[in-house]
Each structure stands twice: as structure tokens, then as C-alpha cells.
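Okay, here's what each chain looks like letter by letter:
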There are 2 protein chains.
Amino acid sequence: MQIEARRHVATAARKQAILEGALACFAELGVEATTIDDIRRRADASVGSIYHHFGSKEGVAAALYLEGIRDYQAGLAAAVEKARNARAAVRAIVLFHLDWAMQNTALARYLLEMRRAETTKSVDEEIRDANRDVFQRLAKRLEVFVARGDIADLPRELYAPLIVGPTQEVVRAWLTGRINVDLRKLRDSLAEAAWKSLQTGQQTT
Amino acid sequence: MQIEARRHVATAARKQAILEGALACFAELGVEATTIDDIRRRADASVGSIYHHFGSKEGVAAALYLEGIRDYQAGLAAAVEKARNARAAVRAIVLFHLDWAMQNTALARYLLEMRRAETTKSVDEEIRDANRDVFQRLAKRLEVFVARGDIADLPRELYAPLIVGPTQEVVRAWLTGRINVDLRKLRDSLAEAAWKSLQTGQQTT
DNA sequence: ACGCTACTAGAATAGTATTCTAGAATCAAA
DNA sequence: TTTGATTCTAGAATACTATTCTAGTAGCGT
């Protein structure tokens, strides 16, 4: 009902506005350089409001991070779901990674910048939870492919790095402006290379 | 002669002490959380001294970054130099990357944390210069291998990501404590996978 | 209508990076 | 060896920014 919603709607909107303002600032100035006041101005909110909702600058950063991760993971899961075999799955992951970065440049840049700093405990746990959900599902599909001999049987820690590592490195370079190509031109090569790296090797010394 | 050196030696020592103190603090508390005062105490220096030599906290960070990059690059160049063929070169890069991270944990963790933030212009240029030197040399060797057909002919931007991307991702996970294996056990798999990803593909649809 | 709670605002506080001023140590030149 | 310049060190003063605090305001259920 619209009765119970009035305030909630307003405050949810404000919360979102703060996040969006923060993202804009972070993308433009970098996280460390943006001040609470920058965010306040951009989101047209008050200091009190920001602190009420997020507790600290780091809290804002953490919430934004979580939002980004969630969006990424949801998209990734959906993309992989559709794949009918190992090769298609690997390809889907690589392509999705590239596409997501291209379509969410600001957010991607931000996630990249934050990827290190352990955020607040609570948020950190939420992230861990989200990760568990998505990655356990992926891991299960993987096991099937391994058992079937579609891809090599490697230490489990290696699959994610092998599949997205190179792509991630390219995206990083692109986001930071170190390279300036059209990422779409690299899609096929990256997908193909990831797939090759997972094949069981017939030693070509 | 020892005549001209007295002060220079002393101040060089102090500079180094500041860098070492900073690294210790950064590794222990994270870059953002360490204060100038932390560094001052640890290095047994004064605020004035730090600012005289480095200009700002960011200046300290940048100098440290540069030092780390230089050490890494020098080692990398040396390691690749010895390789006699394409396969050995790829393997050398992967192994060196792993070994360096294991032997310079604090520095590696720091470089990882900094890898984003554009530092001061001047330092940034120095880094670019250093990169050019090392990477142009590597690029030349690469071209030979490509011409000879030892490795696939791909967009040039892809070689570095394909060779070190997965390894870099593993190292990152290890440094941040996300995984907890003995990296040495992954050496061969990573080297092998990198090599496979560079082979020209006989499509195995 | 009334109290309660969630929310907003902005002033006050606290903590940290940076600047400034003064002085000490070294050096090169006469 | 003295002198003036220069580099370096010190720590106090300043300026900026995150955070806390106090005082409201407005929706909501009763």
C-alpha cells in the first residue's frame, strides 16, 4: 500500500542519492580525495544524513562496493546459467566480465580501486555470503566438467584466476587508461586463450 | 672518496629509514590508516625531515612504489634474460612473479594496494620510463618468438595479461589472505597454463 | 491530537596533513 | 681556517576534513 511507503520511499531515495553522489565523486576524484563535503554537495544532503545512514565515509564506500559486487555477480550468474557446455561457460564468463566493465565504467573503476581495503566487518561478511552463493553454484558446474574430462583437473584455486585473470588484467589497464583499444576487439582472443589454458596438455616440448 | 660523502651518506640513510619505516607502517596498518606521525616515530625522524625529502605523504608512498617497481623489474629482466626459448621465457616470467611476491611480501602487498592511485606526476613519469626500458626489451624478444611461430600472433596488448594475469590473480588472493596454499605447489600449473594460452589454436570445438 | 521514532541539519570537536620559522650541520671558496 | 651558502632537521603553528553532538522536523501508529 502507498500508506506505509511515503517516508520509506523518501529516505530510500536519499540513501540512493548519496550513493550515486559518492560514486560520481569517487570516479571523478578518487576515493581518498573526495571529502564528505563533496558528497554532501553532490547528493544535496546534509552531513548528518550521511552519517545517519552510513556511519562513516568508509561506510558509504562499503555500501557502494557491496552494491557493485551484487550487480556484477547477479549478471555473471545469469550469463553462465545459459551456457550448455564447458567451453560456452568459459566464454560466457570472459565476455560478461568485459561487457560489464564497459557498461559500468564508473562502478568498475571504483570496484577496482577498492578491491583491496578490507571494509567494515559487517559488509565484509555480506560480501563473503554473496560470494559463497554464487561461487558455490559455479564450482558445482565446474566439477561436472572436470569429471567429464572437458577441462583439466587442476588445483581448485586456479580455475578462477585462469578464466578471468587475463581479462581482468586487460580491463584494469583499460579502466586506468594504460591501454586504449576497443575491448570488443579482444573478446574472442581472450575467450579462446582462457579456454586453451584449461585444456589438459599434450606436452609440446 | 669519503670526503664528499659524509653528509650525503647520512641523509641517504635517513631517507632510506623513512622509506623503511613507511613500508613497515603501510604493511601493518594499511596506507590510508598510517599517519605521518606513525612514520615519524618508526623512522625516528621529524616531520620536517619527511616533508623536506618527500614533500607529502603521497610523496613517500610514490617513492616507495617506485623503489618496489624497480626492484621487481630488474629481477624480471634478469630472469627472462637467461631463457633460451619461448617456453622457457614464459615459464621464467611466471615463476619470477611468484617468487618475488613470496620473498617480498610486505612490498608486494604494498604495490598491490597502490597499483591504482595515480601518484605524483613526476614519479608517474619515472615509472613510465622504467617500464619502457624493460618492456621494450621484452617486446623485442617476443616479436622474434611470434615471427618464428613459437607463440600465437595476437593483439599486442594481450601478451602481458595472458602471461602474468592468472599468476597475478593468484598472488593477489594469497597476499590478501583469501587463499592459503603454498604457492610453490601452483608454479608448474600456472607456467603450463600460461604457455598453453599462447599456443596457436587447433580449434577443439 | 499525541507521543514516538526515523530522519535531517548544521554547528562544534577532534584528529591529521601540511606549512612555517628557526636553527644546526656540512660544504665550497677564499 | 673562516665565512657564507646550502641542505637538512626540528617542532610549533595552521588548515583541512572526518566525525560527533545537539536540536530540531516530519511521518507514523494509536
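For every chain, the first residue of the written sequence is number 1, and numbering continues from 1 along that sequence. Chains and ligands are labelled by the order in which they are written, letters from A for the one and numbers from 1 for the other. Reporting of local features is limited, given that this is a predicted model, to residues whose pLDDT is at least 70; pairs of side-chain atoms are given and counted only at 80 or more, and all residues count toward the totals for whole chains, interfaces and linings. Note that the side-chain values use all heavy atoms of the structure and ignore hydrogens as well as water.

**Concerning the interface of chain B and chain A**
It only takes one pair of heavy atoms within 4.5 Å for two residues to be counted as in contact. At the junction of the two partners, chain B supplies 33 residues and chain A supplies 33 residues. Once two parts are brought into contact, the accessible area they lose, counted with a 1.4 Å probe and summed over both, makes up the buried area. Summed over both sides, the interface of chain B with chain A buries roughly 3100 Å², with 60% coming from carbon and sulfur. We define a salt bridge as a side-chain nitrogen of Lys or Arg found within 4 Å of a carboxyl oxygen belonging to Asp or Glu. For the pair chain B and chain A, the interface holds zero salt bridges. Polar contact criterion, stated in full: a pair of N or O atoms within 3.5 Å, where within protein one must be able to donate a hydrogen and the other to accept it, and residues adjacent in sequence count only if both atoms are side-chain atoms. Taken together, the links from chain B to chain A amount to two residue pairs in polar contact (both at pLDDT 80 or more). Comment: elements are numbered from the N terminus, with helices defined as DSSP H or I runs of at least four residues and strands as E runs of at least two. Going through the elements one at a time, α8 (159–175) and α9 (187–197) of chain B are the ones with two or more residues in the side of chain B that touches chain A.

**Focus on α8(B)**
Residue and element names in this part refer to chain B. With 17 residues, α8 extends 24 Å from end C-alpha to end C-alpha; this agrees with the ideal 24 Å at 1.5 Å per step. Along its length, α8 reaches its greatest deviation from straightness, about 45 degrees, at Gly165, and the proline Pro166 lies no more than four positions downstream. With a 1.4 Å probe rolled over the protein chains alone, any residue whose accessible area is under 20% of its type maximum counts as buried; one over 50% counts as exposed, and the rest are partly exposed. Within α8, 15 of the 17 residues are buried, which leaves the element mostly enclosed by the surrounding structure. Take the residue count of a helix, subtract one, and multiply by 1.5 Å to get its expected span. Values of bend correspond, residue by residue, to the angle between axes fitted over the seven residues ending at that residue and the seven starting there.

**A look at the domain arrangement of chain A**
Residues and elements named next belong to chain A. For the purposes of this description, domain bounds are those given by an automatic or database domain assignment. Along its sequence, chain A is carved into domain 1 (1–55) and domain 2 (62–205). If you sort the residues of domain 1 by the area they bury against domain 2, Leu19, Leu23 and Val31 come out on top, with a joint share of 59%. At the boundary of domain 1 and domain 2, one finds zero salt bridges. Seen at the junction of domain 1 and domain 2, the total is two residue pairs in polar contact (both at pLDDT 80 or more). Residues are grouped as follows: Ala, Val, Leu, Ile, Met, Phe, Trp, Tyr, Cys and Pro are nonpolar; Asp, Glu, Lys and Arg are charged; all remaining types, including Gly, are polar. Taken together, the residues of the side of domain 1 that touches domain 2 sort by class into seven nonpolar, two polar and one charged.

**Here's the deal with the pattern of salt bridges**
Residues and elements named next belong to chain A. A complete count under the given rule lists 26 salt bridges over all chains for this structure. In this structure, the salt-bridge partner of Asp37 is Arg41, at a minimum N-O distance of 2.9 Å. Placement of the pair is Asp37 and Arg41 together in helix α2 (residues 36–43), with a separation of four residues, close to one helical turn. Through salt bridges with shared partners, a single network forms among Asp37, Asp38, Arg40 and Arg41.

**Quick notes on the relation of the copies chain B and chain A**
Each copy is superposed on the other by least squares, with the fit set by C-alpha atoms of residues at a pLDDT of at least 70 in both. When chain B is brought onto chain A, the operation consists of a screw motion whose angular component is 180 degrees and whose axial shift is 0.0 Å, with 0.1 Å RMSD remaining. Classification of the inter-copy transformation places it as that of a two-fold axis. A shared binding surface is used by both copies, with 100% of the interface residues of chain B retained as interface residues in chain A.

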